[in-house]
Amino acid sequence: MSGENSSADDVQADDVQRVWDVVVVGAGPAGASAAYAAAVAGRRVLLLEKAELPRYKTCGGGIIGPSRDALPPGFELPLKDRVHAVTFSNNGRFTRTRRSKQMMFGLINRPEFDQQLVEHAQKAGAELRTGAAVQRVEQHGSAVPDRRTVAVVLQGGETLLARAVVGADGSASRIGAHVGVKVDQVDLGLEAEIPVPESVAEDWKGRVLIDWGPMPGSYGWVFPKGDTLTVGVISARGEGAATKRYLEDFIARLGLAGFEPSISSGHLTRCRADDSPLSRGRVLVCGDAAGLLEPWTREGISFALRSGRLAGEWAVRIAEAHDAVDTRRQALNYAFAIKAGLGVEMSVGKRMLAVFERRPGLFHAVLTGFRPAWRAFKEITQGRTSLGELIRSHPLAQRALTAFGPEPAAKESTPTEDQADEETVTS
């Protein structure tokens, strides 16, 4: 009985002090997913975004199976194209196209996609506030009325109060700095959105290009989106001039140098260190703010959606925690959930990157000439398996990676092969 009265008192106090159950910082895929998950649970959720929506983000915009599976119920993807073929090249040479009868992944424009995710969070009950740049969060001090509250201080001095905070404010995250996120891989991505005539667009319809680049670990891509091609490259930070040359040469080699980009942009991706924290007190981080992305491909949308959903679910539990012990327990459960799923994929991705950095030519030959490798690539993009499951279940893949890192995790059952969905074409 006393517990019920205490809970009612808490609600009344929160109403007077305008304390949110969960404040989410950043309205990208991770933040919108976190806000949706917390709002669906019936909590008072505030989603903060420093920009006005919709806004452009440097991103290829590929939606693979794990991304699709992590979307809110009823979400209709605003697809610009459906990919059934991938052309691979090794720094412009040894070009080969492989095709799939079933769609491998879809392509979206981030402004539309992100806006739609935010709208789903709003429909679930989350409140959106744009133009709200967060300066810092405080868990102690005069701005914090009690130990169950976090103060979110905006630029300009306004302070918001929350029972839990989710940091989803990108790779240069202020919330990540508060938590103490550590990174051990930083890459530079450069991208151009190139409008093209219908004749050129038609040639690319349903097909993407992946080019293994001239610097260790680098690659380029062409993603068709109707009358625009998204063309980009990525490589390790510190190779800025070489990365820019790679993009220029790549565009010229494709015969696209005569078309003026509508947008040219750059972005740093940051991949977390294995021992990097995912929380501090009542503050969680997810997506790019936590350094969660696949280290080899630097694919981040699926990691953002999946980690955002988990962060939102555990933020609800933290908001309900009445003491530091319970708060810590829930934060540790969140970290365990991340590491058991996304962490395993990241570990394998780091080993894949090591293989790719050392032997890109061999990597290209295997992927384009060894049928099981292509099938694995296809099943990963379709969401029928993951990098972690692939390594655990395929002895040959385990042996191939052994020389470049520790032994993979224990074996599991081998996925079913879909032999009917395969054909190879040389371009």
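Being a predicted model, the structure only gives us computed values, none of them experimental. Residue positions are given per chain, counting from 1 as you read along its sequence in written order. Owing to the predicted nature of the model, reporting of local features is limited to residues with pLDDT of at least 70; listing and counting of side-chain atom pairs is limited to 80 or more, with chain, interface and lining totals taken over all residues. Side-chain measures were taken over the full set of non-hydrogen atoms in the model, leaving aside hydrogen atoms and water.

K.L.:
Before we go on, may I ask you to explain the overall build of the protein chain in this structure?
P.N.:
Each helix and strand counted, the protein chain has 13 helices and 19 strands in total. Exposure classes here rest on a 1.4 Å probe applied to the protein chains alone. A residue is buried below 20% of its type maximum, exposed above 50%, and partly exposed in between. Taken across its 427 residues, the protein chain has 54% of its residues classed as buried. Long-range pairs, those at least 24 residues apart, make up 74% of the contacts in the protein chain between residues at least 6 apart in sequence. Computed by Shrake-Rupley with a 1.4 Å probe, the accessible areas treat only the displayed protein chains as cover when residues are assessed. When the accessible surface of the protein chain is split by element, carbon and sulfur atoms take 51% of a total near 18,600 Å². The helix and strand labels rest on DSSP assignments: H or I over at least four residues marks a helix, E over at least two residues marks a strand, and numbering proceeds from the N terminus. Only heavy atoms matter for contacts: two residues are in contact if any of them lie within 4.5 Å across the pair.

K.L.:
I keep staring at a nonpolar patch on the surface and nothing clicks. Help me out?
P.N.:
Taken together, the side chains of Leu362, Val366 and Phe370 present a nonpolar region at the surface, about 230 Å² in accessible area. Residue Val366 is classed as partly exposed on the basis of its relative accessible area, which comes to 35%. Two distance rules govern patches: like charges are joined within 9 Å, and nonpolar side chains (Val, Leu, Ile, Met, Phe, Trp, Tyr) within 5 Å, applied only to residues with over 30% relative accessible area and no salt bridge. By salt bridge we mean one thing: a side-chain nitrogen of Lys or Arg within 4 Å of a carboxyl oxygen of Asp or Glu.

K.L.:
What should I look at first to understand helix 7 (residues 240–253) in this one?
P.N.:
Multiplying 1.5 Å by the helix residue count minus one yields the expected span of that helix. Between the first and last C-alpha of helix 7 there are 20 Å, a value that for 14 residues agrees with the 20 Å anticipated at 1.5 Å per step. Inspection of helix 7 places Ala242, Thr243, Tyr246, Leu247, Phe250 and Ile251 among the buried residues, and these make up the whole buried set. Along its buried surface, helix 7 packs onto strand 12 (183–195), strand 13 (207–212), strand 14 (219–225) and strand 15 (228–236). Positioned one or two residues after helix 7, Gly255 has a phi angle of 75°, which is positive.

K.L.:
Got a minute to help me understand the sheet that holds strand 4 (residues 81–83) in this structure?
P.N.:
What holds strands together in a sheet is hydrogen bonding between their backbones, with the strands either parallel or antiparallel. Two strands qualify as a pair provided that DSSP identifies no fewer than 2 bridges between them. Read from one edge of the open sheet, 3 strands run 3-7-4, paired in antiparallel fashion. Whereas interior strands pair on both sides, the edge strands pair on one side only; in this sheet they are strand 3 (62–63) and strand 4. When strand 4 meets strand 7 (residues 105–107), the two strands line up antiparallel, connected through 3 bridges. Note that in strand 7 the partner of Val83 across the bridge is Phe105.

K.L.:
Can you help me understand the packing of helix 10 (residues 360–369) against helix 11 (residues 371–382) in this one?
P.N.:
Helix-helix packing is characterised by the crossing angle of the two axes and by the distance between the axes. For the pair helix 10 and helix 11, the least separation of the axes is 5 Å and the interaxial angle reads 85°. Relative to helix 11, the element helix 10 is oriented roughly perpendicular. The segment helix 10 lies against helix 11, with Val366, Leu367 and Gly369 engaging Arg371, Ala373, Trp374 and Phe377. Looking at the contact of helix 10 with helix 11 residue by residue, the class counts come to 5 nonpolar, 1 polar and 1 charged. Structural elements are reduced to axes, namely lines fitted to C-alpha atoms, with helices fitted over the stretch in contact, and the angle between N-to-C directions of any two is expressed from 0 to 180 degrees. Orientation labels follow simple angle bins: below 35 degrees gives roughly parallel, above 145 gives roughly antiparallel, 65 to 115 gives roughly perpendicular, and whatever is left gives oblique. Amino acids are sorted into nonpolar (Ala, Val, Leu, Ile, Met, Phe, Trp, Tyr, Cys and Pro), charged (Asp, Glu, Lys and Arg) and polar (every other residue, Gly among them).

K.L.:
Can you help me understand the pattern of salt bridges in this one?
P.N.:
Pairing between side chains becomes possible if they bear opposite charge and their charged atoms approach one another. Summed over the entire model, instances satisfying the criterion amount to 17 salt bridges. Its salt-bridge partner being Arg43, residue Glu320 comes within 2.0 Å of it at the nearest N-O pair. Taken together, the residues Glu320 in helix 8 (residues 301–320) and Arg43 in the loop between helix 2 (29–40) and strand 2 (45–49) connect sequence positions 277 residues apart. Using a relative accessible area of 26% as the deciding quantity, one classes Arg43 as partly exposed. Of the charged contacts in the structure, one is a salt bridge between Asp187 and Arg298, with a shortest N-O distance of 3.1 Å. With Asp187 in strand 12 and Arg298 in the loop between strand 18 (283–285) and helix 8, this pair connects stretches of sequence that are 111 residues apart. The network of salt bridges with common partners includes Arg55, Arg110 and Asp114.

K.L.:
What is the right way to read unusual backbone geometry from this model?
P.N.:
For residues other than glycine, phi is negative in most cases, and the peptide bonds are mostly trans. Here the amide bond leading from Leu53 into Pro54 is cis, since omega sits at -5°, within 30 degrees of zero. With respect to the element layout, Pro54 can be found in the loop between strand 2 and strand 3. Despite not being glycine, Asn91 shows a phi value in the positive range, around 55°. Position of Asn91 among the secondary structure elements: in the loop between strand 5 (85–90) and strand 6 (93–99). Look at Phe94: it is not a glycine, yet its phi comes out positive at around 55°.

Function-wise, these values are silent; they only describe arrangement.
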